[in-house]
Amino acid sequence: MNILVTGGAGYIGSHTCVALLKAGHSVVIADNLCNSKREAVDRIEEIAGKKVIFYKINVTDSALIDILFSNHQFEGVIHFAGLKAVGESVEKPIDYYYNNIVSTMVLTQACVKHGVAKFVFSSSATVYGDNQVPFVETMKLLPTTNPYGESKVMSERILTDAATAHPDLAVTLLRYFNPVGAHPSGLIGEAPNGIPNNLMPYVAQVAKGKLEKLRVFGNDYGTIDGTGVRDYIHVMDLAQGHVDALDHLAPGVHIYNLGTGRGTSVLELVHAFEEANGLKVPFEIVPRRAGDIASCYADASKAEQELGWKASRGIVEMCRDSWNFEKNFKG
Ligand code: NAD
Ligand code: UD1
């Protein structure tokens, strides 16, 4: 299939482009590089041994998107482009709502106008809010406490309503849990700007000596060791989930959790990282971070039953590949 990948130069998008190319699809990337670099596109081509078409455009620009759809016969769209920093979304809510929601509307409109039926959307486990774990796709969603999370809830709603009004549309909403790791080549991975907010890149930068020590946000949660529990998923498994979702797209809206179904605490992850890489990660316990929940992990059985997809990489591989990328990264 000929696939438009928005945000294809970013972390999850770049790994998915590699997986799509390896599966025999053609890829056109639309990315404004606001949180990525042009080199990522060269690296996708280097790993996959195939070419992609790249456009540096803002996908909220409806006129440009219309031209793009006129010039290419897309068979599907995977929409990764979005802003994703939770804290920043609280400071700049309008930027987040505009970028994340308008991009979804512009692309949906273009699909309807140009007869492109297949749409895969990057959603997040954050839409579940502080629900009972494990999170199941059928759960009633709870408030997310930040504009980033709400932009995902609203985008899901827009796509659901569009699919109701246009019965030919086949929409898949993929709710990612906590993506970590990198391509084993170390050529592509997650390279956050400034000090990382998320645990794995923070741990990797402490291990590298770029940051002094990890601050563990709270050890008084009702979890195995009192620290927060998350469902970390290797980005290579996540990427494959998109290829499988594309293969199974059918009219209507289909929602899948992409997680491992296993929870790992902060301290378990730190120890796994130390063991996998033979390194020390100094840490201290500090108070809880505002907005955090105790536990978040998936019931991932629906994706396995319906898409035949299951995460195969464990926490040791995630820690090894995250470190492999970080230690070679020059940023
Ligand atoms: P990323 O920032 O690495 O990639 C997003 C890409 O989109 C970047 O290359 C950026 O330049 C581009 N982009 C942003 N706005 C754009 C616009 N208006 N026009 C064109 N390009 C634009 O992020 P990621 O981690 O790869 O996340 C991809 C998607 O998955 C996002 O929608 C994110 O919200 C979602 N998601 C991510 C996580 C995570 O932990 N990484 C978890 C759940 C959901
Ligand atoms: C964060 C976002 C969430 C988003 C997800 C994936 C917040 C409040 N939530 O979730 O909306 O969908 O990333 O991008 O930002 N931790 C530490 N020390 C650190 C960093 C993290 O102890 O320096 C702990 C956290 O308290 C948490 C766990 O590590 O228990 C994972 O944190 P993080 O990687 O930021 O992901 P989430 O909190 O799950």
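This is a predicted model, so every value here is computed, not measured.

Let's shift gears to the overall build of the protein. What the protein contains, in helices and strands, is 11 helices and 14 strands. At 19 Å, the protein has a C-alpha radius of gyration in line with the 20 Å of a compact globule built from 331 residues. With the C-alpha coordinates aligned to their principal axes, the bounding extent of the protein is approximately 55 × 45 × 40 Å. Looking at the protein residue by residue over its 331 residues, the buried ones come to 54%. Sequence separation of 24 or more characterises 79% of the internal contacts of the protein that already satisfy a separation of 6 or more. Summed over all atoms, the accessible surface of the protein reaches about 14400 Å², with 52% contributed by carbon and sulfur.

A few words on the site of ligand 1. Looking at ligand 1, there are 26 residues lining it, with I12, D31, N35, S36 and N99 nearest. At a separation of 2.6 Å, an oxygen atom of ligand 1 approaches a polar side-chain atom of D31. The side chain of K84 places a nitrogen or oxygen atom 2.8 Å from an oxygen atom of ligand 1. Protein burial of ligand 1: of its 820 Å² of free accessible surface, 95% is covered by the chains. Those elements giving two or more residues to the shell around ligand 1 turn out to be α1 (11–22), β5 (118–124) and α6 (147–165). Among the elements that take part in the shell around ligand 1, β5 stands out by supplying 3 residues, more than any other. When grouped by side-chain class, the residues that make up the shell around ligand 1 number 12 nonpolar, 11 polar and 3 charged.

Turning to unusual backbone geometry, a few remarks are in order. In this chain, V133 is followed by P134 through a cis amide linkage whose omega measures -5°. Phi angles above zero are rare outside glycine, and L33 is one such case at about 60°. With respect to the helices and strands, the residue L33 is situated in the loop between β2 (26–30) and α2 (39–48). Although it is not a glycine, T145 sits at a positive phi angle of roughly 70°. Secondary-structure assignment places T145 in the loop between β5 and α6.

So, about the site of ligand 2. Surrounding ligand 2, one finds 18 residues, the nearest of these being L199, R215, R230, R289 and D292. With respect to ligand 2, the backbone of F217 contributes an N or O atom lying 2.9 Å from an oxygen atom. Here ligand 2, which alone exposes 740 Å², has 88% of that area covered by the protein. Elements supplying a minimum of two residues to the shell around ligand 2: α7 (199–208) and β8 (214–217). Looking at the shell around ligand 2 element by element, the count peaks at 4 residues for β8. Looking at the shell around ligand 2, its residues break down into 8 nonpolar, 6 polar and 4 charged.

This paragraph deals with empty space enclosed by the protein. The tally for this structure, following the rule as stated, stands at 1 cavity of 30 Å³ or more. In this model, the largest cavity occupies a volume close to 110 Å³. For the largest cavity, the full set of lining residues is Y11, V180, G181, A182, E190, M200, P201, A204, S322, F325 and E326. Residue assignment for the lining of the largest cavity shows that the elements contributing at least two residues are α7 and α11 (315–328). Within the lining of the largest cavity, the residues separate by chemical class into 7 nonpolar, 2 polar and 2 charged.

Here we come to the sheet that holds strand β12 (residues 264–265). One open sheet accounts for 3 strands, arranged β12-β9-β14; its pairing is mixed. Since the sheet does not close on itself, it has two edges, and those belong to β12 and β14 (295–296), each with one partner.

Take the packing of aromatic side chains next. Applying the stated criterion to the full structure yields 6 aromatic pairs. Here the aromatic rings of F273 and W323 are separated by 6.2 Å at their centres, their planes lie at 75°, and the arrangement is edge-to-face. Of this pair, F273 sits in helix α9 (residues 266–277) while W323 sits in helix α11; the two residues are 50 residues apart in sequence, bridging distant segments of the chain. The class of W323 is buried, set by a relative accessible area of 12%.

One pass over the full model with this rule turns up 0 disulfides. Sulfur of C34: no disulfide; nearest cysteine sulfur belongs to C17 and is 16 Å away. Sulfur of C319: no disulfide; nearest cysteine sulfur belongs to C296 and is 18 Å away.

The next thing to look at is the pattern of salt bridges. For the structure shown, the criterion picks out 16 salt bridges. Here E156 makes a salt bridge to R175, at a shortest N to O gap of 2.7 Å. Separated by 19 residues along the polypeptide, E156 in helix α6 and R175 in strand β6 (residues 170–176) bring together distant segments of the chain. Residue E156 shares its accessibility class with R175, and that shared class is buried. Among the ionic pairs, K208 bridges to E326, the shortest N-O distance being 3.6 Å. Pair noted here: K208 is in helix α7 and E326 is in helix α11, with a separation of 118 residues, a long-range link. A residue is classified by how much of its surface remains accessible, and E326, at 4% relative accessible area, is buried. Several salt bridges share partner residues, and in doing so they unite K208, K210 and E326 into one network.

Conventions and cut-offs
Residues numbered from 1 in each chain as written. Chains lettered and ligands numbered in written order. Predicted model: local features only at pLDDT ≥ 70, side-chain atom pairs only at ≥ 80, totals over all residues. Heavy atoms only, no water. Helix = DSSP H or I, 4+ residues; strand = E, 2+ residues; numbered from the N terminus. Rg over C-alpha atoms; globule rule 2.2 N^0.38 Å. Buried < 20%, exposed > 50% of the residue type's maximum accessible area, 1.4 Å probe, protein only. Contact = heavy atoms within 4.5 Å. Areas by Shrake-Rupley, 256 points an atom, 1.4 Å probe, with all protein chains shown as cover. Near = heavy atom within 4 Å. Polar contact = N/O pair within 3.5 Å; in protein donor to acceptor, adjacent residues only side chain to side chain. Nonpolar A, V, L, I, M, F, W, Y, C, P; charged D, E, K, R; others polar. 1 Å grid on protein atoms, 1.4 Å probe; cavity = no way out; pocket = protein on both sides within 12 Å on 5 of 7 lines; lining within 4 Å. Points joined across faces, edges and corners; volume = space filled by probe spheres on them. Pairing = 2+ DSSP bridges. Phe/Tyr/Trp six-rings, centres within 6.5 Å; stacked < 30°, edge-to-face > 60°. Disulfide = S-S within 2.5 Å. Salt bridge = Lys/Arg side-chain N within 4 Å of Asp/Glu carboxyl O.

Everything listed is a geometric property; what it means functionally is a separate question.
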